[in-house]
4 protein chains.
Amino acid sequence: MSQPIEIAQTESKKREKTGKAKRIRLTQKAIVTTAATLFAEKGFGSTSLDDIAEVLGVTKGALYYHIKNKEEILRLIYLSVLNVAEEPLRRIVESDLPCAEKLHKAIEHHIEVSADKSPAITVFYREHPHLTGPFAREIALRQKDYEHHFEHIIEEGITTGAFKAGSDPKIIMFGILGMCHWISQWYQPSGRYTPQQIAAMFTGMVENGLLPSEC
Amino acid sequence: MSQPIEIAQTESKKREKTGKAKRIRLTQKAIVTTAATLFAEKGFGSTSLDDIAEVLGVTKGALYYHIKNKEEILRLIYLSVLNVAEEPLRRIVESDLPCAEKLHKAIEHHIEVSADKSPAITVFYREHPHLTGPFAREIALRQKDYEHHFEHIIEEGITTGAFKAGSDPKIIMFGILGMCHWISQWYQPSGRYTPQQIAAMFTGMVENGLLPSEC
Amino acid sequence: MSQPIEIAQTESKKREKTGKAKRIRLTQKAIVTTAATLFAEKGFGSTSLDDIAEVLGVTKGALYYHIKNKEEILRLIYLSVLNVAEEPLRRIVESDLPCAEKLHKAIEHHIEVSADKSPAITVFYREHPHLTGPFAREIALRQKDYEHHFEHIIEEGITTGAFKAGSDPKIIMFGILGMCHWISQWYQPSGRYTPQQIAAMFTGMVENGLLPSEC
Amino acid sequence: MSQPIEIAQTESKKREKTGKAKRIRLTQKAIVTTAATLFAEKGFGSTSLDDIAEVLGVTKGALYYHIKNKEEILRLIYLSVLNVAEEPLRRIVESDLPCAEKLHKAIEHHIEVSADKSPAITVFYREHPHLTGPFAREIALRQKDYEHHFEHIIEEGITTGAFKAGSDPKIIMFGILGMCHWISQWYQPSGRYTPQQIAAMFTGMVENGLLPSEC
DNA sequence: TATGAATGAGCTTTCATTCAT
DNA sequence: AATGAATGAAAGCTCATTCAT
């Protein structure tokens, strides 16, 4: 006989794309959204382009028709966050509401964005070390800017007597922002409270304090 | 094209790896400390063992005499944080200070740990997706436990009338913890305030509110 | 010392990796065949994926498009052997030839496979310690099964009086199989005898003995 | 507080030597014996010097006081096999026993050595690709020599009429040797038969055949 | 004699990126 | 627009070997 030994075929990586195979039209937006979810779950460094492509039901190579490289996806995520967050805050600051009201609105806005649970927010606060070059600096600047707007509200309140003096506005600002940021770590849309309710509780605590009024 | 023949610069390459070349005795502790700094700067996934080894002035292989693998370094960082944070908080909760005082102490403790700016904290809040297996679950549990302790203080305060009713203690807890967590992102030991001072401002805001007393 | 500056021989290094550089289309089958040859020559543990890739004229990384990992190559080699060997033996056992004839056919079959000198056989008898997990057990079972078929032939022969009683069928089976296995170590297709001739000599010895008939 | 974060110590590789920790005096012989067992189980390439040292209850470095390198261990295993096998066979061949008796003794001898279960035998037939240099050639030669001695017995038998003519002595030799070699794969000292009994069955089959005498 | 510590080379594997089709 | 195939660089890890103590 001495026939040639047949090699058994095996399904290797090739056909493993059992993902969702949505087969929606591939767009930059779809890539960024999908990537944000995966980055939030597993981290930027541990998410491969293969992972993203699989969820989208395409092959890795296809992504490159829509994006330049992996970091660009991350850049787009950062931009998507800032683009939604900056403008409304600016309008609140520039409005002529009383300071206490401004602070409430600002907190509400920030929470709405954070609670949007958009995994993008999670990525935003976690993956900045993976940004490089001038873009990294740009993002840092715009983030600082955002913080300054909050700070201004506090400062203005203290100056006008709307808020108590005694604390450094910058520190207060960091406290309030930290409070809001953290929401992306625990908020669930299916939970008991709406973002607006949470904003009300936070504002209540921050403005009136936890202790009962003494008089 | 006939491009010019390049002269090999054998020497120059060697000198490239002169990093810090501390040449301290290599220990597990030294590895973990150095790694924490690098992880905080560049992220876990983007820090190679080569990076760590270079800073320590040894070769990659040497690290493996002291640690089992890269994830173990991360695990040790997480443990180092929890081991410092848990016990003091437990003591505060179990003490018989008045609630307002307990809250102050708890905030102070948390800020002290966070402000320690120990890059370990930055890593702690950022790299958990890189933990795997049962350890990941253990850490998540211990973190939940820590949060529960804070929650209990608020709850107790509301029950005893020390704190105003009206807000969900869990939400308040998330707010306060978020406020404190964030410190590791902006605090600098060389800055204007000590952790204790910051704790005082935060406690002031949280307990008395920003608005001036009305009476 | 002032040793002479070495001129970089950029070109020469590239040419070093010209191995065979077949540049046939890379397939799983090609990888497995090439690997079998190398494993047989140098052993599984001492053959690197670089070695295999070089012979195939591709880079290491390319292999991973077709196989999952190194062990999968080994698994495919084992399957390729068993897939050729099992079925024909089963048919012989289940046929209604007289026992002596069955034994002859079985020996002939086994020798044909072994003599195929396909390096796969050499690997098969040597590298099983490198198989892991359930697959290792599966292979061991299928090998045992194969042996049982041989044993049955002997047993049946003794029961029906076709073979002398007195020896343990299992021991006889081991003897005959060992005899055949070994062929892969010395057989050369270019040698004096065909597998069929060798099978005839072996069967002659095993059935009639070396001693001249006494009557 | 701001106390330094303590790094939790972990038991890494260091103290893991839970092996047998025999603590017998370390000798070259002990190393070779232990190594043979491990090589037989896991293969030469997959057994590290650490593995060997652990079983012996010493550290890797200690081995180097007794052996030059890993390959030397393998060389010593090969020598230990040949040194036991060669001399007795030579004596049998040179004796003036009748041929049939010589063959019986030779088979018995070979089986005794193989069955000695000495894992060394398993290593002997499996790891030769890891021998290098002149030693590899020396071993190959001595193995050939050993085979020639067997061949001579057959040849002599045919010439003197003690054995039937018709088969090539070399092929017969390969058959008988393969039969015996294989024993190291299945023989267990605790099994039903002694090496001598197995030798008797093999000799019976080989000299008288399985078929019943016709007269 | 033996240990602890380190080196350096090599290995398997992963992956962002490229490109012909 | 998308795929299949390949590259090449880097990563994590292992390990034989060396050597001061």
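Predicted, not measured: the structure shown is a model, and the values here were computed from it.

About the criteria used
Residues numbered from 1 in each chain as written. Chains lettered and ligands numbered in written order. Predicted model: local features only at pLDDT ≥ 70, side-chain atom pairs only at ≥ 80, totals over all residues. Heavy atoms only, no water. Contact = heavy atoms within 4.5 Å. Buried area = accessible area lost by both parts, 1.4 Å probe. Salt bridge = Lys/Arg side-chain N within 4 Å of Asp/Glu carboxyl O. Near = heavy atom within 4 Å. Polar contact = N/O pair within 3.5 Å; in protein donor to acceptor, adjacent residues only side chain to side chain. Nonpolar A, V, L, I, M, F, W, Y, C, P; charged D, E, K, R; others polar. Helix = DSSP H or I, 4+ residues; strand = E, 2+ residues; numbered from the N terminus. Expected span 1.5 Å × (residues − 1). Buried < 20%, exposed > 50% of the residue type's maximum accessible area, 1.4 Å probe, protein only. Least-squares fit on C-alpha atoms with pLDDT ≥ 70 in both. pLDDT = per-residue confidence, 0-100.

Student: Please set out the interface of chain D and chain C residue by residue, giving values where relevant.
Tutor: Often the size quoted for an interface is simply the accessible area lost on bringing the parts together. Chain D puts 42 residues into the contact, and the matching count from chain C is 42 residues. Both faces combined, the contact of chain D with chain C buries some 4100 Å², and carbon together with sulfur accounts for 69% of it. Summed over the three residues of chain D that lose the most area to chain C, namely Lys164, Trp182 and Leu210 of chain D, the buried surface amounts to 18% of that side. Linking chain D to chain C there are two salt bridges.

Student: If you had to explain the protein's contact with DNA strand E to someone new, which residues and values would you point to?
Tutor: What surrounds DNA strand E is a group of 34 residues, the closest being Leu49 of chain A, Thr59 of chain B, Tyr64 and Lys70 of chain C together with Thr59 of chain D. A breakdown of the atoms of DNA strand E within 4 Å of the protein gives sugar and phosphate a share of 68%. The contact in question runs from a base oxygen of DNA strand E to an N or O atom on the side chain of lysine 60 of chain A, over 3.4 Å. Interatomic distance of 2.5 Å between a side-chain N/O atom of threonine 59 of chain D and a phosphate oxygen of DNA strand E. Grouping the amino acids of the surface near DNA strand E by side-chain chemistry returns twelve nonpolar, twelve polar and ten charged.

Student: Explain the interface of chain A and chain B to me, and be specific about the residues and the numbers.
Tutor: Across the boundary between the two partners, chain A contributes 42 residues, which contact 42 residues of chain B. Summed over both sides, the interface between chain A and chain B buries roughly 4100 Å², with carbon and sulfur atoms accounting for 69% of that surface. The largest per-residue losses of area from chain A upon contact with chain B belong to Lys164, Trp182 and Leu210 of chain A, which jointly make up 18% of the total buried on that side. A salt bridge links arginine 192 of chain A to aspartate 168 of chain B; the nearest nitrogen and oxygen atoms lie 3.9 Å apart. Of all elements in the fold, only α1 (28-42), α5 (99-115), α6 (119-126), α8 (169-181), α9 (183-186) and α10 (195-208) of chain A reach the threshold of two or more residues within the side of chain A that touches chain B.

Student: Tell me about helix α6 (residues 99-115) of chain B, and please be specific about residues and values.
Tutor: Because each turn of an α-helix spans 3.6 residues, side chains separated by three or four positions in sequence point in the same direction. All names here are of chain B. Compared with the 24 Å implied by 1.5 Å per residue over 17 residues, the 24 Å span of α6 between its first and last C-alpha is a close match. Counting buried residues along α6, 13 of its 17 residues qualify, which places the element largely inside the surrounding structure. Positive backbone phi, approximately 55°, marks lysine 117, located one or two places after α6.

Student: I'd like a description of the relation of the copies chain A and chain B, backed by residues and values.
Tutor: Note on the copies: chain A fits chain B at an RMSD of 0.2 Å, the axial shift is 0.0 Å, and the rotation between them is 179°. What the superposition gives is, in effect, a two-fold axis relating one chain to the other. By C-alpha distance to the rotation axis, the residue of chain A lying nearest is glycine 209 of chain A, at 1.8 Å. Mapped onto chain B, 100% of the interface residues of chain A again fall at the interface, so both copies present the same surface.

Student: Go over the relation of the copies chain D and chain C with me, naming the residues and quoting the values.
Tutor: Note on the chain copies: they are related by a rotation about an axis and a translation along it. It takes a turn of 180° to lay chain D on chain C, together with a shift of 0.1 Å along the axis; the resulting RMSD is 0.2 Å. Of the residues that chain D buries at the interface, 100% are likewise interface residues in chain C, meaning the two copies contact each other through the same surface.

Student: I'd like a description of the confidence of the model for chain A, backed by residues and values.
Tutor: All names here are of chain A. Taken residue by residue, chain A gives an average pLDDT of 89. The fraction at 70 or more is 88%. Ignoring residues within four places in sequence, the model shows residues 1-5, a span with pLDDT below 50, making twelve contacts including any to other chains. Predicted confidence is poor over residues 12-22, with pLDDT under 50, and the contacts of this stretch with residues over four places away or in other chains come to 20 contacts.

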